[in-house]
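Observations on the model geometry
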Amino acid sequence: DSGVTQTPKHLITATGQRVTLRCSPRSGDLSVYWYQQSLDQGLQFLIHYYNGEERAKGNILERFSAQQFPDLHSELNLSSLELGDSALYFCASSVETKQRGTDTQYFGPGTRLTVL
Amino acid sequence: QQPVQSPQAVILREGEDAVINCSSSKALYSVHWYRQKHGEAPVFLMILLKGGEQKGHDKISASFNEKKQQSSLYLTASQLSYSGTYFCGTALSGGYNKLIFGAGTRLAVHP
């Protein structure tokens, strides 16, 4: 158990709908990262938040948005869902030290999204 | 920008060794190695920083060749529990902690 929690574990919805995925980082971690993993694919970086501020963006679609709240939990909002959005969505957290690129990212158990 | 991992898949018998490589065309600040079992979260193995260091954890070790922008993960005397998909995540200089992951190497260890 990494200490990172994600809810819900599974989500089944229809095309065109909107869903919200939630992530609570490990105690003391200020950074949250979101990744998308499609079937048997690698991890695609979506977005990184540090202490409430957006730090970096990856290949995140305009239909997707995220935010990190004052209590440091984060939400990933996916709208106008398409069949191709079906995937495992992971969040990870890290302390984020001053030495960039050296923080260990601890992954949550993921949310499996199925779009029908 | 995505690092290239090789081989794509490896099949081993218990006790055999394997090497997984991760190469980048960009200057790297660090390389992070993870193992993921099917349907589960990636689990952190180790970080290699630029400077060519080598790290080890039990019978799993790794090296980072800064000149070649390449990292290698060494699995010795493999155990059944080593089965899974291994990913390298690369952090570029000036890229904060954004990690770009390779496509993964599937490792299957059989008795």
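For the structure, check the block above.
Residues numbered from 1 in each chain as written. Chains lettered and ligands numbered in written order. Predicted model: local features only at pLDDT ≥ 70, side-chain atom pairs only at ≥ 80, totals over all residues. Heavy atoms only, no water.

**Some words on the environment of S81(B)**
Residue and element names in this part refer to chain B. Heads up, the rule is: Numbering goes from the N terminus for both helices and strands, where a helix is a DSSP run of H or I of at least four residues and a strand is a run of E of at least two. Burial classes follow relative accessibility: with a 1.4 Å probe on protein chains only, a residue under 20% of its type's maximum area counts as buried, one over 50% as exposed, and anything between as partly exposed. Contacts are assigned to residue pairs that have any heavy atoms within 4.5 Å of one another.
Relative to the helices and strands, S81 resides in the loop between strand 8 (70–75) and strand 9 (84–92). Its relative accessible area of 39% is what places S81 among the partly exposed residues. Between the C-alpha atoms of S81 and A108, which are 27 residues apart in sequence, the distance is 9.4 Å. Here S81 is in contact with R35 and K37, once residues within four sequence places are set aside.

**As for the sheet that holds strand 8 (residues 74–78) of chain A**
Residues and elements named next belong to chain A. Our working rule: The pairing criterion for strands is at least two bridges between them, as found by DSSP. Interaxial angles span 0 to 180 degrees and are taken between N-to-C directions of axes, which are lines fitted to C-alpha atoms, for helices over the stretch in contact.
Strand order in this open sheet of four strands is 1-3-8-7, and the pairing throughout is antiparallel. Of all the strands in the sheet, the pair left with one neighbour each is strand 1 (5–7) and strand 7 (64–68). Between one strand axis and the next, the sheet turns through 15° on average, direction left out of account. Looking at chain direction, strand 7 and strand 8 are connected through five bridges and run antiparallel.

**Some details on unusual backbone geometry**
Note that the residue after T7(A), namely P8(A), is joined by a cis bond; omega there is -10°. Here the amide bond leading from S6(B) into P7(B) is cis, since omega sits at -5°, within 30 degrees of zero. In this model, L72(A) sits at a positive phi of 80°, which is unusual for a non-glycine residue. Relative to the helices and strands, L72(A) resides in the loop between strand 7 and strand 8. Given a relative accessible area of 16%, L72(A) falls into the buried group. One non-glycine residue, S80(A), lies in the positive phi region at around 45°. Note on placement: S80(A) falls in the loop between strand 8 and strand 9 (87–94).

**Describing the interface of chain A and chain B**
Selection rule: Salt bridge, as applied in this entry: a Lys or Arg side-chain nitrogen positioned within 4 Å of an Asp or Glu carboxyl oxygen. Within 3.5 Å is the distance limit for a polar contact, defined as a pair of N or O atoms, with the added protein rule that one can donate a hydrogen and the other accept it, and that residues adjacent in sequence qualify only through two side-chain atoms. Amino acid classes used here: Ala, Val, Leu, Ile, Met, Phe, Trp, Tyr, Cys and Pro are nonpolar; Asp, Glu, Lys and Arg are charged; the rest, including Gly, are polar.
Each partner contributes residues to the interface: chain A has 25 residues there, and chain B has 23 residues. At the surface where chain A touches chain B, the tally comes to zero salt bridges. Linking chain A with chain B are two residue pairs in polar contact (both at pLDDT 80 or more). Of all the elements in the fold, those that place two or more residues in the side of chain A that touches chain B are strand 4 (31–37), strand 5 (44–50) and strand 6 (53–57) of chain A. Class assignment of the residues belonging to the side of chain A that touches chain B gives a composition of eight nonpolar, ten polar and seven charged.

**Details of the state of the cysteines**
The cut-off we apply is this: Note that a disulfide, as used here, is simply two cysteine sulfur atoms within 2.5 Å.
Scanning the entire structure with this criterion turns up two disulfides over all chains. A sulfur-sulfur distance of 1.9 Å marks the disulfide that ties C23(A) to C91(A). On the sign convention where negative is left-handed, the bridge of C23(A) and C91(A), at about 70° about the S-S bond, is right-handed. On the criterion of sequence distance, the pair formed by C23(A) in strand 3 (residues 19–24) and C91(A) in strand 9 is long-range, its members being 68 residues apart. Just as C23(A) is buried, C91(A) falls in that class too. Each disulfide pairs two cysteine sulfurs, and for C22(B) the partner residue is C88(B), the sulfurs being separated by 2.0 Å. Here C22(B) and C88(B) share a disulfide; its torsion about the S-S bond, 75°, makes the bridge right-handed. On the criterion of sequence distance, the pair formed by C22(B) in strand 3 (residues 18–23) and C88(B) in strand 9 is long-range, its members being 66 residues apart. Across the pair, C88(B) and C22(B) agree in class, each one buried.

**Description of the side chain of S63(B)**
Residue and element names in this part refer to chain B. Along the chain, S63 turns up in strand 7 (residues 60–65). By relative accessible area, which is 15% here, S63 ends up buried. A polar contact is formed between the side chain of S63 and the side chain of Y74, at a distance of 3.2 Å.

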